[in-house]
Amino acid sequence: MTALFIILGIALIIFVLLFCRVHICVSYNTASTNAIRLSLLYLFLKLRLLPKKTKPPKLSDFSYKKTHPSKKKGSRADEQKKKKKKKSDTSKSPKKESKKTQGGAEEKEEESSSILSIITRISDIIADIIKRFPSKLRLDISCFRLYVGGKDAASAAVTYGAVVQAVGALVTLLERSPIDTHRPKHENYVIEPDFLSGKINADIKMTLSIRPASVLHLGLSLLIRSVIRLIKGEDD
């Protein structure tokens, strides 16, 4: 009974791990020194991808050997050997190429046909991934604030109109896509003209997440399909 309880506990842990979402958090803020921040979050684990952590300098980095590297001089004998090798390489000429052209051409044709068949199969698999993968994703936009400025009031107004059109097109594209998109709240969704700063200020925060179980299910289904296609191709 204890072994059964242990197996059930391990299965429950694996089930929970597969159905907990993996989050990719992206933030862009022009006011901060590091404008783009990218991190990976899974359960209680967090990995910062951007900006990368800078390691503090060590005392060993300022040692005399590292600050004053010694230059190794090569011997004259090594230089003479290198010159002789270069001369021997240039003096060699290809021979007996005419006898191998026919066999080489046939081998190249077979290799090219096999490579083309492999490429077509890989392209079919990639097309299936592109069709199915977006439906497994979830996009949460928690903050989207844009303050559009320009050199003067006229340029700021023109830029603001272009930005509003671009954001509207992006929103419609996300709504039509199979990605499960969650828009920000009304107070966190702001696009306004800024006639004083003379530049575009942005504060955008979004999270892209997916369950490992969805990736596993997608990979297994594609693997089974590719094996079936290979078997059918061999039969034909």
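Right above here is the structure, for reference.
For clarity, every value in this text was computed on a predicted model and none was experimentally measured.

Conventions used here
Residues numbered from 1 in each chain as written. Predicted model: local features only at pLDDT ≥ 70, side-chain atom pairs only at ≥ 80, totals over all residues. Heavy atoms only, no water. Helix = DSSP H or I, 4+ residues; strand = E, 2+ residues; numbered from the N terminus. Buried < 20%, exposed > 50% of the residue type's maximum accessible area, 1.4 Å probe, protein only. Contact = heavy atoms within 4.5 Å. Areas by Shrake-Rupley, 256 points an atom, 1.4 Å probe, with all protein chains shown as cover. 1 Å grid on protein atoms, 1.4 Å probe; cavity = no way out; pocket = protein on both sides within 12 Å on 5 of 7 lines; lining within 4 Å. Points joined across faces, edges and corners; volume = space filled by probe spheres on them. Nonpolar A, V, L, I, M, F, W, Y, C, P; charged D, E, K, R; others polar. Core = buried A, V, L, I, M, F, W, Y, C linked by side-chain atoms within 4.5 Å. Salt bridge = Lys/Arg side-chain N within 4 Å of Asp/Glu carboxyl O.

*Asks:* Looking at this structure, I do not really get the overall build of the protein. What am I missing?
*Replies:* Each helix and strand in the protein was counted, giving 6 helices and 7 strands. Taken from N to C terminus, the helices and strands of the protein fall in the order α-β-β-β-α-α-α-β-α-β-β-β-α. Sorting the 236 residues of the protein into buried and exposed places 16% on the buried side. Looking at the protein alone, contacts between residues at least 24 apart form 73% of all its contacts between residues at least 6 apart. Surface exposure of the protein reaches about 19,500 Å², of which carbon and sulfur atoms provide 63%.

*Asks:* What exactly am I supposed to notice about the layout of surface pockets here?
*Replies:* Estimates place the volume of the largest pocket at around 240 Å³. Around the largest pocket, the lining comprises 14 residues; the ones closest to its centre are Ile 141, Phe 144, Leu 170, Val 171 and Leu 174. Put simply, the parts of the chain that give the lining of the largest pocket at least two residues each are strand 4 (138-148), helix 5 (153-176) and strand 7 (201-210). Of the residues forming the lining of the largest pocket, the biggest block, 5 residues, is contributed by helix 5. Taken together, the residues of the lining of the largest pocket sort by class into 11 nonpolar, 1 polar and 2 charged.

*Asks:* How should the nonpolar core be read in this particular structure?
*Replies:* It is characteristic of soluble globular proteins that their nonpolar side chains tend to be buried jointly. Among the nonpolar cores identified, the biggest contains 11 residues, and these are Leu 139, Ile 141, Phe 144, Leu 146, Val 148, Val 163, Val 167, Val 171, Ile 191, Ala 202 and Ile 204. When residues of this core are traced back to their parent elements, those giving at least two are strand 4, helix 5 and strand 7. Top element by residues in this core is strand 4. It accounts for 5 residues. Residues contacting Ile 141, with those up to four places away along its chain left out, are Leu 174, Thr 181, His 182, Arg 183, Pro 184, Lys 205 and Met 206.

*Asks:* What is the right way to look at the pattern of salt bridges in this model?
*Replies:* Under the criterion given, the structure shown has 2 salt bridges. The shortest N-O distance in the salt bridge between Asp 140 and Arg 138 comes to 3.4 Å. The partly exposed category is assigned to Asp 140, whose relative accessible area is 21%. For the salt bridge of Glu 175 with Arg 183, the shortest nitrogen-to-oxygen distance reads 3.5 Å.

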